[in-house]
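Chain by chain, the residues:
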Amino acid sequence: MRKIILGFVLVMTAGAVKAQETTVADYHFTLEDCLNYAFGNNYNLQSMKLTEEASEDAYQQSKMERLPNLSASVGENLNHSKGSDAALSGNYSLNANMTLYEGGNISNTIEQNKLRKVQSTYQTSQYQNNLTIQILQAFLTVLGDEELLKYQAAVVKASEEQLNQGKEQFRYGSILESDYLLLEAQYANDQYNVLDTQISRDNSLLTLKSLLSMPVMDNLQIISPDTTSIQRMSLLPSLNEVLDQTNQTLPDLKISQYNIDIAKVSLKMSQANYLPTLSLHGSLGTGHTGSSNFGTQLSDYLNQQIGLSLSIPIYDNSRTKSKVTQSRIALKQAELDRKQTELDIQQTVVTDYQSVVSAYNKYQTTNIRQIAYSKTFDVYRAQFNVGSITVVDLLQQQNNYISALSDYIQSKYEFILKRKILDVYMGIQITM
């Protein structure tokens, strides 16, 4: 009995430990919660921030190049030759070097690293914008599936009632067996639609977790926002206002402008290779031969040296000329890329602006359509219950309603997504 009790305790303990190991986190997130969690945990975004830190370090290090460098050397040798005793000798020195002039390369390197440091912050902002749009898309897809599931559940319930009604009618000979089988098939199809939508929702939640860099097995449930303010969202600023604000806030243009500035500095650095380099160097040293009078020898051999070194480039197989040419080409490419980026952004904004207008009109149309088909379907259901219409007529109206409902929900969240993307372009905080 003791062994049995002990075994039972061990099994229960192991089960409790295992349960603790497999405990998953439970999250209930609004859209704002998702964005905040992603900005703090997304792995790619963390990598971008590490790149910022590396750029900052490179900038700080380049400023240290103005200072002299200092090194020390210590050498001890044991000398021995035939006919003489072994003797120790040593040399000790401190050496310093400092570049006084290098065609402005030190200043240009500092400036270039400063530009790259600031540019890296805009690159992080660019990624945050793209991440925000992806999270918006996944979040709204989940919302759309959740809303569709509510309607589909009602449709399944209606199909079940129709099937029960049809079963009674078939038993009393009011409808044919083929009509009853159609009702049965419709009920099975409506159940499948619910399952398919659930899978779509779960896949969208999985995508959302990936964007948040959240463990796959954690439980994530989204909190549905108030989407009844679509009328307010439909009040758009003018296209010119959107373009102006986008040009001021979108990091893409700033990144391309920094590419131009960096290319200009690179050209200066290439041209500096034509200029001489002036360096200051100095050293302090001493040494000894043998081990006798060690202190006296160090004092006697003490020496100091200071000097200037001028390096004048004369001919380097046209390497500097080629480098200057390549730098000029890189600058022209950066300028062209800046113009192309501006053109692409303008085209994207104009296209997306028009898409928002179109999406809102589609939403209004599909809303009217789904209301009409909903009422029609209710009328046909009532008529079928009293036997005044055929099963085919009923199912046709039901399928029309389901199709109209699906179009309505899709257009609703498509409009919200496209409207919020405009806010991202304009640098407006995303809330719902």
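Residues numbered from 1 in each chain as written. Predicted model: local features only at pLDDT ≥ 70, side-chain atom pairs only at ≥ 80, totals over all residues. Heavy atoms only, no water.

Q: So what exactly am I meant to see when it comes to the overall build of the chain here?
A: Along its length, the chain carries eleven helices and six strands. Its C-alpha radius of gyration of 38 Å places the chain more than 25% over the 22 Å reference for a compact globule of 432 residues. Considering only C-alpha atoms, the chain reaches an extent of 130 × 85 × 35 Å along its principal axes. Looking at the chain as a whole, 33% of its 432 residues are labelled buried. Excluding contacts between residues fewer than 6 apart, the proportion of contacts in the chain whose partners are at least 24 apart in sequence is 80%. The distance from the centre of the 35 positive side-chain charges to the centre of the 43 negative ones in the chain is 5 Å. (Helix = DSSP H or I, 4+ residues; strand = E, 2+ residues; numbered from the N terminus. Rg over C-alpha atoms; globule rule 2.2 N^0.38 Å. Buried < 20%, exposed > 50% of the residue type's maximum accessible area, 1.4 Å probe, protein only. Contact = heavy atoms within 4.5 Å. Lys, Arg positive; Asp, Glu negative; His and termini not counted. Charge placed at Lys NZ, Arg CZ, Asp CG, Glu CD.)

Q: Please explain the packing of helix α4 (residues 105-171) against helix α5 (residues 177-212) as it appears in this structure.
A: Packed helix pairs are specified by the crossing angle of their axes together with the interaxial distance, meaning the distance between the axes. Between α4 and α5, whose axes approach to 8 Å, the crossing angle comes to 160 degrees. As judged from the angle between their axes, α4 and α5 are roughly antiparallel. Every pair of crossing elements has a handedness; the one defined by α4 and α5 is left-handed. Across the contact of α4 with α5, the residue classes tally to 20 nonpolar, 14 polar and eight charged. (Axes fitted to C-alpha atoms, helices over the stretch in contact; angles between N-to-C directions. Parallel < 35°, antiparallel > 145°, perpendicular 65-115°, else oblique. Left-handed = near helix turned anticlockwise from the far one by under 90°. Nonpolar A, V, L, I, M, F, W, Y, C, P; charged D, E, K, R; others polar.)

Q: Hey, could you run me through the environment of Lys157 in this one?
A: Mapping Lys157 onto the fold places it in helix α4. Given a relative accessible area of 55%, Lys157 falls into the exposed group. When the C-alpha positions of Lys157 and Gln198 are compared, they lie 17 Å apart, and in sequence the two are 41 residues distant.

Q: Hey, could you run me through α4 in this one?
A: Quick reminder: α-helices carry 3.6 residues per turn. Residues three or four places apart thus point the same way. Taking 1.5 Å per residue, 67 residues should reach 99 Å; α4 reaches 96 Å between its end C-alpha atoms and fits that length. Gly173 sits one or two residues past α4 and shows a positive phi near 80 degrees. (Expected span 1.5 Å × (residues − 1).)

Q: Mind showing me how you'd approach the confidence of the model for the chain here?
A: Any segment with low pLDDT has predicted coordinates that should not be analysed in fine detail. When pLDDT is averaged along the chain, the result is 89, and 94% of the positions lie at 70 or above. Within the chain, helix α8 (residues 251-271) carries the highest mean pLDDT (96), whereas helix α1 (residues 2-21) carries the lowest (52). (pLDDT = per-residue confidence, 0-100.)

Q: Looking at this structure, I do not really get the nonpolar core. What am I missing?
A: Across soluble globular proteins, nonpolar side chains show a tendency to be buried alongside one another. Counting residues in each nonpolar core, the largest one holds 67 residues, and the members touching the most others are Ile135, Leu183, Leu208, Leu212 and Phe415. Secondary structure elements with two or more residues in this core: α2 (31-41), α4, α5, β4 (219-222), α6 (230-233), α7 (239-249), α10 (319-385) and α11 (391-425). Look past the residues within four positions of Leu208 in its chain and what remains in contact with it is Cys34, Ile135, Ala138, Phe139, Leu220 and Ile222. Grouped together as the second largest cluster of nonpolar side chains are six residues, Ile260, Ala263, Leu267 and Leu331 included. (Core = buried A, V, L, I, M, F, W, Y, C linked by side-chain atoms within 4.5 Å.)

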